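A closer look at the structure
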Amino acid sequence: MRIVAALSGGVDSSVAAARMVDAGHEVVGVHLALARTEATGGKSRGCCTIDDARDARRVADALGIPFYVWDFSAEFAEDVMEDFLAEYRANRTPNPCLRCNEHIKFRALLDRALALGFDGVATGHYARVVQGLDGPELHRAEDSEKDQSYVLAVIERELLRHCYFPLGDSVKGDVRLEAERRGLRTATKPDSHDICFIPDGDTAGFLTNKLGERPGSIVDLGSGQQVGSHQGTFTVTIGQRRGLDLRIPGEDGRPRYVVDIDAATDTVYVGAPELLDVDAMVADHVIWTAPPLDDRWRDVTAQVRAHHHAVPAQARLISDCIEVFLLEPVRGLATGQSVVLYDGSMVLGSGRIRDTRSVHSEAGPHEARPQEAQRA
Amino acid sequence: MASQQWDDGGRRSFIDHAATTPMLPEARQAWLEATEIAGNPSSLHAAGRAARRIVEEARESIADDLSTRPSAVVFTSGGTESDNLAVKGLFWARRARLGLVDPVVAASAIEHHAVLDPVEWLGKHEGADVEWIPVDALGRVDSAWLDERLTDAAERMALVTVMWANNEVGTIQPVRDIAIACREFGVPFHTDAVQALGHVPVNLSQVPATAVTISGHKVGGPFGIGALIIDPHESVVPVSHGGGQERDIRSGTFDAPAAAAFAVAVRHAVHAQTSRAEHLRELQAELANGIVSVVPDAIINGGAIGDGDQRLPGNVHVSIPGAEGDSLLMLLDAAGIDCSTGSACTAGIPEPSHVLLAMGVDERTARSSLRFSFGRTSTPDDVAAVVAALPGAVDRARRAGSISSDRFREARAAAGEA
C-alpha cells in the first residue's frame, strides 16, 4: 500500500514509519508545518521546533523514503489554536491534542493523502485498529501506560480503515530500543509533554498574552467571602489547589480547591475537595468511532483525561448530546474536557463536556452547578 | 520496494536546472587539479604565488568571457552574497558620498529573495525609501515607470536593481536600456544575472551596469562560489570585514580551486550559449505544447515561448487551475521527475510566489504553479516523461485541491457568519 507516515521528529513516529517500510509498503514521510510564530518571521515552521523538522527529515533519509513538509498552519491556527483560545475565553478547559487529531492529522492530512492516491496515514500513536465483525475498531494500546486511544477518539468510524498505528502492540521501552537498534537519531529524544504551540509550558502566560488580563475575585463557596483575586479565569483550572494565593484561611482550616468558575462575573469559587466529585455529565460535539449509541442506557466505561483510567458508567445519546452517569465519581472535572466512552478496550466515541453534576448536588446534569446548589 | 524507485532506482528526469545544474566534468577536473597546490593565495612565498596565479587566471578568464576587465571581478561565496554586497554596499557608499537624507532604492517587484530581502532590510533598518518597480502580466519591468522616477528623483536615488532574467517565469528584462538610463542619471545600477548567464548573451560591454551578480553552480561550476562584477572605480562598502582580499570589498581567504572550476564553467557556458539556447528552445516548445495538449486549461506564464528576446530558452512555467503546485511536485517526483514550484524555500513550505502576484496572478493560481527548467543535460526523453506523467498527477492533485478549496470555502463561510 501507499502510506503517508506522519513524522513529527520524535522517536515514536520514527519507529512507526520504519515498521511500515519493513512491512513492504510504499511509504512517504510527511512533516506537518503547524505553527506560525513570530520567532520565524511569521513563516510556517514544523511542529514543533526546527530541530524536530530536521530530525524528521533525517529519519526519512535513514529509512530511504521521500520526505515532504506539508503546511497546515492555516487549518491549525483556526481549528486548534483559535478553538483553544475560544474555549478558555468561555472558561472551559480544552484539550488541543484532540482537536489537532480531529481536524489536522485525521482530517486535513488524511484527506489530502487519500486524494493524492495514498491508502492511509501511519502515526506513532499508541493505539490499535482491530478488524472487527462490522469493520475496523479502535482499541487501547497494549502498553496501558502509553495508551493514547483517548486522544484518538475523534476519528470518525469510516476513517479508521485508513489509519495505521504500528506501535499499538508495543511498549514504549521496546520502541526506544528498536529506534536505537535501527540507528535512528531520535532514539534518545525525550518525550514531548507540553502543548506544541506553547513550548515553554507556560499556558497561563500564553493565555494572558493572547486573551489579556481579566482580573476577578476568588470567593470561598462556604463563607461567601472574597478570599483572593486572579488575573483571568483562564489562569486557574477546576481542581487546582496550589498557586491561588488565598489570603484568608478557610473556616474549617481544610485545603480549598477551585470548584467552579462563573464566566459572567469572572468569579472563581473555591471550596472543599468533595465538591469536585462529579458523577454525571452532558457532552456535545459527539464523534463516534464505533456504531453510535442511541437513547437507551448502555453500560460503558468513561475516561475524562488523557492520563487517567476509565470508570464504569452508563451512557446514552439524547439529541446530539451524550449523557453519562458515572458509577464511581471523578474528582476535578472541567467543562471543555473530553469524555471518551469505551466498551472494554474498544473506543466507542467522544464528546466535549458541556455540563457536569456534583455528587453533592440534587439537580440533574443540565442544571447541575455546584455553587448554585450550595448558595441556594 | 516501490518507494525505493522514488529516490534511488530507475531513470529520473532532472528538469530543475534553474535551481542548480550538474557540474561540468571539466570544471570538476579543474577543481581537483587546483587542490594539488598547497598555498594560500595571499601568501608571499612560492606556494602562495602558485595559488594566487590560479585565482588571477580564473579572474581574467571570467572577465574575458563577460567582456569586462579582470579588476572588476570580485569573487564571493555565490549569488546571495553578491546580491547583498551590491545592494547594501552600493547603498551605503552612495548615501555617505552624497549625504543623502532620504535615499531611494528602486527594485523590481520580481527580484529573487537574495535582492528582495536586502532591499526590504534597508527599508526597515537603514531608512531607505523603497520603491518597487512594477511589472506587466508577462513579468517584464516597466522601464517607462523607471525613466519617470529617474527624471523626478535621480538625485535622491541610491540604487536601482533589476534582475537580468527572472528565475521563476524566465522573463528577460530590458537591462541594457535600464543600465544606459541609470548611467545617464548617474545612479548605480545592479543586475542579478544568475539565471541569464549561459542562457542569453551576457556582454557587459553592451550593458553598462555598475554591478552584476553571477553564480557558479547555476552554470556547471561548484557550489559556494560566485562573483560580483563591479566597476573598480565604484565605491562600495564591504559587508564582511577582515583580511582585505578582493580590493578590500570582500575579505576571506581566496578559494583557488573553486575559482578555477568556476572559470571553466563560465567559459563553457558563454561559448556554448548560442547552440545550447537553440537546443533548449526546442525542448521548451515541445514541453509547452505537450503540457497544453494533455492539460488544455493549463496556463503558460511569462513571455512567449520561443521568443529569445523575451524568455529564457530553458524555462517553462505553468499554472494548472485547481491543482496545488506542491501536490503536483510530489506526484511528479514519485513519477521520476524533478521540477519545482518556482522558488525554493528553506523549510520546504510553499508560499505563493511574489513574482506571480506582482504579475497580477491571483493567489490561488499562483499556488497552482510548476516551473520546469532545462539545461545542458536535458533531452527529449525528459519532455516525454512529463507529458506522460502529467495527466495522472493533475487528476490527483485536483482531487486534493478540491478538498482544500472546500475547506477554504467552509472557513470563509464560517468567518462570514462570525
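Predicted model, so just to flag it, every value in this text is computed and none were measured.

Comments concerning the overall build of chain A
- Secondary structure summary: chain A contains eight helices and 18 strands in total.
- Taking 2.2 N^0.38 as the reference for a compact globule, 376 residues should give roughly 21 Å; the C-alpha atoms of chain A span a radius of gyration of 22 Å, in line with that estimate.
- Once the C-alpha set of chain A is aligned to its principal axes, its extents read approximately 65 × 50 × 35 Å.
- Taken across its 376 residues, chain A has 50% of its residues classed as buried.
- Sequence-distant contacts, at least 24 apart, represent 62% of the contacts inside chain A between residues at least 6 apart.

Description of unusual backbone geometry
Residues and elements named next belong to chain A.
- Unlike most non-glycine residues, N91 shows phi in positive territory, near 65°.
- Relative to the helices and strands, N91 resides in the loop between α3 (73–89) and α4 (96–115).
- The phi dihedral of H285 falls on the positive side, at around 55°, and the residue is not glycine.
- Structurally, H285 can be placed in strand β13 (residues 277–288).

Points about the packing of α3(A) against helix α7 (residues 203–211) of chain A
Residue and element names in this part refer to chain A.
- Contact geometry of α3 with α7 gives a least axis separation of 11 Å together with a crossing angle of 90°. Classed by the angle they form, the pair α3 and α7 counts as roughly perpendicular. Judged by residue contacts, L85, Y88 and R89 of α3 engage L207, K210 and L211 from α7.
- For the contact of α3 with α7, a count of residues per class yields four nonpolar, no polar and two charged.

A short note on the domain arrangement of chain B
Residue and element names in this part refer to chain B.
- What the domain assignment lists for chain B is domain 1 (25–271) and domain 2 (273–417).
- Between the C-alpha centres of domain 1 and domain 2 the distance comes to 29 Å.
- Facing 22 residues of domain 1, the contacting portion of domain 2 comprises 22 residues.
- Classifying every residue of the side of domain 1 that touches domain 2 by side-chain character gives 12 nonpolar, nine polar and one charged.

Some points on the packing of helix α4 (residues 79–98) of chain B against helix α5 (residues 113–125) of chain B
All names here are of chain B.
- One can describe the packing of α4 onto α5 by two numbers: an axis separation of 9 Å at closest approach and a directional angle of 30°. Relative to α5, the element α4 is oriented roughly parallel. The crossing of α4 and α5 is right-handed. Taken together, the residues of α5 that come into contact with α4 (itself represented by G79, T80, D83, N84, V87, K88 and F91) are A114, V115, P118, V119 and L122.
- Per-class residue counts for the contact of α4 with α5 are seven nonpolar, three polar and two charged.

Focus on the sheet that holds strand β5 (residues 157–161) of chain B
Residues and elements named next belong to chain B.
- Strand order across the open sheet formed by seven strands is β2-β8-β7-β6-β5-β3-β4, with mixed pairing between neighbours. The two strands at the open ends of the sheet, each matched to only one other strand, are β2 (73–76) and β4 (129–133). Taken over all neighbouring pairs, the strand axes of this sheet differ in orientation by 20° on average, direction set aside.
- The pairing of strand β6 (residues 189–192) with strand β7 (residues 211–215) spans three bridges and is parallel. For H190, the partnering residue across the bridge sits in β7 and is A211.
- The strands touched by α5 within the sheet are β3 (104–108), β4, β5 and β6, with β3 carrying the most contacts at an inclination of about 155°.

Describing the sheet that holds strand β9 (residues 299–301) of chain B
Residues and elements named next belong to chain B.
- The three strands lie next to each other as β9-β10-β12, forming an open sheet whose pairing is antiparallel. Because the sheet does not close on itself, it has two edges, and the strands there are β9 and β12 (369–373). Each strand of the sheet is rotated relative to its neighbour by a mean of 30°, with strand direction disregarded.
- Bridge count between β9 and strand β10 (residues 315–319): three bridges; the pairing is antiparallel. Bridged to N301 within β10 is H317.
- Seen against the sheet, helix α9 (residues 273–294) touches β9, β10 and β12 and runs at an angle of roughly 15° to β10.

Some remarks on the confidence of the model for chain B
Residue and element names in this part refer to chain B.
- Of the residues in chain B, 92% have a pLDDT of 70 or more, and the chain-wide mean is 92.
- This stretch, residues 1–5, has a pLDDT under 50; its non-local contacts, to residues over four places away or in other chains, come to nine contacts.
- Both scores are given for the predicted complex: the pTM is 0.88, the ipTM 0.85.

Reading the values: rules and limits
Residues numbered from 1 in each chain as written. Chains lettered and ligands numbered in written order. Predicted model: local features only at pLDDT ≥ 70, side-chain atom pairs only at ≥ 80, totals over all residues. Helix = DSSP H or I, 4+ residues; strand = E, 2+ residues; numbered from the N terminus. Rg over C-alpha atoms; globule rule 2.2 N^0.38 Å. Buried ≥ 20, exposed ≤ 12 C-beta atoms within 10 Å, placed from the backbone. Contact = placed C-beta atoms within 7 Å. Axes fitted to C-alpha atoms, helices over the stretch in contact; angles between N-to-C directions. Parallel < 35°, antiparallel > 145°, perpendicular 65-115°, else oblique. Nonpolar A, V, L, I, M, F, W, Y, C, P; charged D, E, K, R; others polar. Domains from an automatic or database assignment. Left-handed = near helix turned anticlockwise from the far one by under 90°. Pairing = 2+ DSSP bridges. pLDDT = per-residue confidence, 0-100.

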